[in-house]
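If you want the building blocks of each chain, they are given just below.
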Amino acid sequence: MDGAIPREATYRYRRVADKLRKEINKKTYGPNERLPTQYDLAKRYGVSRFTVLQALEMLRDEGLIVTRQGSGTFVKGGPGGEGESGLRAEGLDETDVFVSDRVSPVILEPYLAEAFEAPEVTLDVCSMTTESLATRVSDQKERIVAGRIRPPRSITARLLLPDTRSPHLAMPRPVDGGDDPRVRTRLRGILQSHVTLLRSSLYELLDRGFVEEVSVETRLVPFSLQIKLYILNRRLALQGFYPPTEGTVRVPPNYDTVTILDSYGTGASLFPFRDSAPEQSGIVQAAQKYFDATWQLMGKEPADEPYGDPAGVTGGTGGTSGAGPGAGGGGA
């Protein structure tokens with residue numbers, strides 16, 4: 001969704017909402033922080049104030065922002081506390097239900113931060129592009145390198161991603177329902193960039209001797225993933241949704257404008273479930289069962305280099321990466 005706001009009025013407010021959603025997710029605007037005025041947002045994106053109002057209403061309905069009479073519009077309050085898990089900073093224990101105003105469901109970071117404080121880290125992920133995860137994993141790498149948390153002994157990541165070679169992906173595809181290889185090529189580029197970031201961050205920890213073992217594996221499925229799923233350390237499941245959305249994009253090689261049906265998951269609300277909570281443990285177990293079955297029965301190892309992983313990577317402490325192909329692309 002990068003680039004200028006499109007001229008078509010149908011998509012303007014959605015594009016503005018998506019850009020703001022990404023900035024909230026990246027903490028350009030943090031919890032309880034005030035957003036720019038409607039006038040400033042309209043000027044920044046080259047749209048009318050009415051378009052900005054529509055975008056803010058969309059984010060308000062999603063529970064990401066709140067408007068305070070006479071004060072402006074603010075990002076919904078979330079956890080804080082650098083150097084410790086945001087969940088712990090809130091004074092909550094593992095039996096609490098975390099879908100609440102105290103912990104904004106849009107924020108992946110505090111849950112991932114908590115996961116990386118364990119001695120053994122496992123990440124099982126279903127994602128259209130892994131954009132959110134790649135950025136947050138890079139943040140955790142920086143915490144480890146800076147000495148703010150004790151490094152885990154091992155990190156294992158398994159990524160289920162859409163196979164961009166499949167002409168049968170429901171999303172992204174042109175709104176007329178036909179297949180356009182250029183749209184799939186665009187998705188492939190997004191996947192490559194973000195999985196490369198994720199893999200590089202984890203292998204840097206291995207190569208510099210911070211972590212003894214790192215394994216990053218990717219498998220591709222021949223369908224669009226319409227549910228975003230993170231299972232952290234097999235104890236916490238974060239689930240979000242990819243609602244279908246119409247939008248305009250530019251596709252390589254000539255960067256023609258194409259109207260597509262797509263799903264934009266960056267900044268989407270995540271709903272967390274813990275296996276330590278009796279009313280939630282069944283959901284975590286079902287999510288893990290779903291992931292394992294899809295991985296084993298439907299996931300195919302990528303045959304091409306962009307998704308492959310060099311064999312025999314050795315870290316500074318003598319540890320090796322896990323067997324299997326590593327992730328080489330990535331996205332939203």
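Thresholds, definitions, all that
Residues numbered from 1 in each chain as written. Predicted model: local features only at pLDDT ≥ 70, side-chain atom pairs only at ≥ 80, totals over all residues. Heavy atoms only, no water. Helix = DSSP H or I, 4+ residues; strand = E, 2+ residues; numbered from the N terminus. Buried < 20%, exposed > 50% of the residue type's maximum accessible area, 1.4 Å probe, protein only. Contact = heavy atoms within 4.5 Å. Areas by Shrake-Rupley, 256 points an atom, 1.4 Å probe, with all protein chains shown as cover. Core = buried A, V, L, I, M, F, W, Y, C linked by side-chain atoms within 4.5 Å. Pairing = 2+ DSSP bridges. Axes fitted to C-alpha atoms, helices over the stretch in contact; angles between N-to-C directions. pLDDT = per-residue confidence, 0-100. Phe/Tyr/Trp six-rings, centres within 6.5 Å; stacked < 30°, edge-to-face > 60°. Lys NZ or Arg CZ within 6 Å of the ring centre and 35° of its normal. Salt bridge = Lys/Arg side-chain N within 4 Å of Asp/Glu carboxyl O. Expected span 1.5 Å × (residues − 1). Parallel < 35°, antiparallel > 145°, perpendicular 65-115°, else oblique. Nonpolar A, V, L, I, M, F, W, Y, C, P; charged D, E, K, R; others polar.

### Digging into the overall build of the protein
- Counting its secondary structure elements, the protein contains 8 helices and 11 strands.
- Counting over 332 residues, the protein shows a buried share of 54%.
- Within the protein, contacts between residues separated by at least 24 positions form 73% of all contacts whose residues are at least 6 apart in sequence.
- For the protein, the computed accessible surface area is about 14,500 Å², with 51% contributed by carbon and sulfur atoms.

### Details of the nonpolar core
- One finds Phe116, Leu123, Leu133, Leu202 and Leu232 to be the most contacted residues of the largest nonpolar core, which totals 49 residues.
- Looking at this core, the element that brings in the most residues is helix H7 (residues 181-207), giving 8 residues.
- Residues within four places of Leu232 in sequence aside, it is in contact with Tyr111, Leu112, Ala115, Thr122, Leu123 and Leu238.
- Of all hydrophobic cores here, the second largest spans 17 residues; its members include Val16, Ala17, Val52 and Leu64.

### Focus: the sheet that holds strand S8 (residues 236-241)
- Taken in spatial order, the 6 strands line up as S6-S4-S3-S7-S8-S11 in an open sheet, and their pairing is mixed. Where the open sheet ends on each side, the last strands, each with one partner, are strand S6 (213-221) and strand S11 (271-274). Adjacent strand axes in the sheet meet at a mean angle of 10° when their direction is disregarded.
- Alignment of strand S4 (residues 154-162) against S6, held across 9 bridges, turns out to be parallel. Counterpart to Arg158 in the pairing with S6 is Glu217.
- Where H7 meets the sheet, its contacts fall on S4 and S6, and the angle it forms with S4 comes to roughly 175°.

### Things to note about the sheet that holds strand S10 (residues 256-263)
- Taking strand neighbours across the sheet as the criterion, the 3 strands line up as S5-S10-S9 in an open arrangement whose pairing is antiparallel. Each of the sheet's edge strands pairs with one partner strand only, and the pair in question is strand S5 (173-174) and strand S9 (244-251).
- The pairing of S9 with S10 spans 8 bridges and is antiparallel. Bridged to Thr248 within S10 is Thr259.

### Quick notes on the confidence of the model for the protein
- For the protein, the average pLDDT comes to 79, and 77% of its residues sit at 70 or higher.
- Helix H4 (residues 86-89) is the least confidently modelled element of the protein, averaging 38 in pLDDT, while strand S3 (residues 120-126) averages 97, the highest of any element.
- Low pLDDT (under 50) marks residues 1-7, which in the prediction has 23 contacts with non-local residues, meaning those over four places away or in another chain.
- Long-range and interchain partners of residues 79-105, a stretch whose pLDDT sits below 50, account for 65 contacts in this model, where long-range means more than four residues apart.

### Some remarks on the packing of aromatic side chains
- A complete count under the given rule lists 1 aromatic pair for this structure.
- Between the aromatic rings of Phe291 and Trp295, the centroid separation amounts to 5.8 Å while the plane-to-plane angle is 20°, which identifies the pairing as stacked. Residue Phe291 and its partner Trp295 are located together in helix H8 (residues 281-297), separated by 4 residues, close to a single helical turn. Each member of the pair, Phe291 as well as Trp295, is classed as buried.
- The ring of Trp295 has Arg158 lying over it, and the distance from NZ or CZ to the ring centre is 5.2 Å.

### Re the pairing of S10
- Judged from the 2 bridges that link them, S5 and S10 form a sheet pairing that is antiparallel. Note that in S10 the partner of Arg173 across the bridge is Leu261.
- Between S9 and the antiparallel strand that follows it, S10, lie 4 residues; Tyr255 among them carries a positive phi value of about 60°.

### Quick look at the pattern of salt bridges
- Scanning all chains against the criterion turns up 21 salt bridges.
- The closest approach of N and O atoms between Glu142 and Lys141, which form a salt bridge, is 3.2 Å.
- Judged by relative accessible area, Glu142 falls into the partly exposed class, the value being 39%.
- Between Glu204 and Lys141 there is a salt bridge whose closest N-O contact spans 3.1 Å. Of this pair, Glu204 sits in helix H7 while Lys141 sits in helix H6 (residues 131-145); the two residues are 63 residues apart in sequence, bridging distant segments of the chain.
- On the basis of relative accessibility, which here comes to 9%, the residue Lys141 falls in the buried class.
- Several salt bridges share partner residues, and in doing so they unite Glu120, Arg153, Glu212 and Glu213 into one network.

### A word on helix H3 (residues 49-61)
- The terminal C-alpha atoms of H3, which comprises 13 residues, lie 18 Å apart, in line with the 18 Å expected from a rise of 1.5 Å per residue.
- Gly63, located one to two residues past H3, shows a positive phi value of around 80°.

### Here's the deal with the packing of helix H2 (residues 38-45) against H3
- The geometry of H2 relative to H3 is characterised by a closest axis approach of 9 Å and an angle of 105° between their N-to-C directions. Here H3 runs roughly perpendicular to H2, going by the angle between their axes. Packed against H2, whose contacting residues are Gln38, Tyr39, Leu41 and Ala42, the element H3 presents Arg49, Val52, Leu53 and Leu56 at the interface.
- Of the residues in the contact of H2 with H3, the class split is 6 nonpolar, 1 polar and 1 charged.

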